[in-house]
Amino acid sequence: MLADLVGGLNGGPRDPRYASPVLGVRGSGKTVVLNELEDRAARQGWVILAVDGSSKGLPERIVNAIEIARGDSPTVGAAAGSRQGPRLQRFGLRLGVLSATWRAGDGPSPPPRASMGDSLAALAHAAAQAGTAVLLTVDESHAVDREEARRISSDIQHIAGRAGLPLAFVGAGLLEMLCTLLADTKITFMQRCQRYEMRPLDPGDVAVGLSHPIRDAGGDITAEALQAATGFVGESGHGPYKLQILGHTIWRMAGAPDGAIDARAVESSLPIAEAAVARSVCVPAWHELPDSAKSYLAAVAVASGRASPSELAMLVAGRTGLSARRTASIRRRLVLAGYLAQRADGTVGLTDLVPRAVMQQEAPEELSHFEADNPHDGPPPTTASGLPCREWMPRARAHCVLPAGHSGRCRSRL
């Protein structure tokens, strides 16, 4: 992904990857990708404008970042790729075979507090004269105000798309952007851009992500411990964060590097890591949902994958009064955003982005309401249904093989 993003930046304003959103669930590594991309571009001499879109006032923050980048300050040196030196009067810039030296203030300067579009255009023009480019990154792009997003998109399209000035854009946001900003008919420029999605980690990724840093730091981990840790991280969308938290915890529990990390250290670390992931990823993911989406997730949790889409729609309609069309739209958005997993038989199941335990903790009344009205109340279906439970078990990295509606815990094998 990084190689392709860098290739798009080097391709110039006419490359569709020159403006790219990076999408993923919480904890999937989007911000890490932005940071790495900024570092690589800075080493090529690019001017970096890194801002956050989590609150209103993004255009003003971009203008402030431009003023800092154009001034004589350490921040300018960092943005231009020279990350050292307390006071830099001038800095070298390069892009490919072109090279130049740009004094702070060279090129056309916008008037104080110029508009965002004028400031970006002036900076991009000055960078072009110096033989380099500007990279604007916006973290938490999903939270950008709709009107501000339209304005920024329009300015980027005018500066890079129409004028051909070297202003690249990479934003990082949640997958819900597919249904909000990236579906806005007035932000067509972003809809035509190359999109990147953070893929889940596979077991090989997890094993490498744990064992290599541990051994590079002088520690050791047993094969049994590595297998147990890999099973905990599983193939969830927020696996990178789970991996980071678990790695930090097992290192402390084992007293590494003096002691090897064994299965006992992993086992004692799992509840701590699980609580940290729930607190930092799952609970915020639950609370950022609208009430209607929370109701749908609660209905899925209670139905345990046994209800058809039409039955789920009836459950949610009884709770919220929403139409079948509206509940179908909610279902689609929850699948796109990684809260639900679509199954081959047409049903949906919870992912570990917001597991049932988190709902029970944060909104027990939602679950209790659906439990009272659940059409599957009473003796659950057994082997007569002929269908397996298929509930996903992150620690075992497997689907439950017991019959749908079984009693007791799920199991990965008979």
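All of these numbers come straight from a predicted model, not from anything done at the bench.

**Comments concerning the sheet that holds strand 7 (residues 196-197)**
Backbone-to-backbone hydrogen bonds join strands into a sheet, with any given pair of strands oriented parallel or antiparallel. Taken together, the five strands give an open sheet; going across it, the order is 2-5-6-1-7, and neighbouring strands pair in parallel fashion. A single partner strand is all that each edge strand has here, and the edge strands are strand 2 (47-52) and strand 7. Here strand 1 (residues 19-23) pairs with strand 6 (residues 167-173) via five bridges, running parallel. If you follow L23 over to strand 6, its bridge partner there is G173. Where helix 3 (residues 58-70) meets the sheet, its contacts fall on strand 2 and strand 5 (134-139), and the angle it forms with strand 2 comes to roughly 150°.

**Here we look at helix 3**
Along its 13 residues, helix 3 runs 18 Å from first to last C-alpha, staying within 8% of the 18 Å computed at 1.5 Å per residue. Buried residues of helix 3: L58, P59, I62, V63, A65, I66, A69 and R70, and no others. One face of helix 3 carries all of its buried residues, which in axial projection span an arc of 160°.

**A closer look at the side chain of H142**
Along the chain, H142 turns up in the loop between strand 5 and helix 6 (146-162). Among the polar contacts made by the side chain of H142, one reaches the main-chain amide nitrogen of L174 at a distance of 3.1 Å. For H142, the residues in contact, after removing those within four places along its chain, are G173, L174, E176, M177 and L181.

**Describing empty space enclosed by the protein**
A complete count under the given rule lists two cavities of 30 Å³ or more for this structure. Considered as a void within the structure, the largest cavity measures approximately 200 Å³ in volume. As for the largest cavity, its lining consists of 16 residues, of which A149, F169, M177, L181 and M190 are closest to the centre. Those elements that place two or more of their residues in the lining of the largest cavity are helix 6 and strand 6.

About the cut-offs
Throughout, a residue's number is its position along its own chain's written sequence, starting from 1. Per-residue local features are limited, in this predicted model, to residues with pLDDT of at least 70; the limit for side-chain atom pairs, both in listing and counting, is 80 or more; totals at the level of whole chains, interfaces and linings are taken over all residues. Water and hydrogen atoms were dropped before computing side-chain values, which therefore reflect all heavy atoms in the structure. Each pair of strands is called paired provided DSSP finds at least two bridges between the two strands. Strands here mean DSSP runs of E at least two residues long; helices mean DSSP runs of H or I at least four residues long; both are numbered from the N terminus. Whether two residues touch is decided by their heavy atoms; if any such pair falls within 4.5 Å, the residues are in contact. All axes are obtained by fitting lines to C-alpha atoms, using only the stretch in contact for helices, and the reported angles, taken between N-to-C directions, cover 0 to 180 degrees. Helix span, as expected, comes to 1.5 Å for every residue beyond the first. Buried, partly exposed and exposed residues are distinguished by accessible area as a fraction of the type maximum, computed with a 1.4 Å probe on protein chains only: under 20%, between the cut-offs, and over 50%, respectively. The arc in question is formed by the directions pointing from the helix axis toward the C-beta atoms. Between N or O atoms, a polar contact is any pair within 3.5 Å; within protein, one atom must be a potential hydrogen donor and the other a potential acceptor, and residues adjacent in sequence are included only when both atoms are from side chains. Detection works on a 1 Å grid of protein atoms alone, calling trapped sets that fit a 1.4 Å probe cavities and calling open sets with protein on both sides within 12 Å along at least five of seven lines pockets, with lining residues defined by an atom within 4 Å of a point. Grid points are joined across faces, edges and corners, and a volume is the space filled by probe spheres set on the points.

On their own, these measurements won't tell you what the molecule is for.
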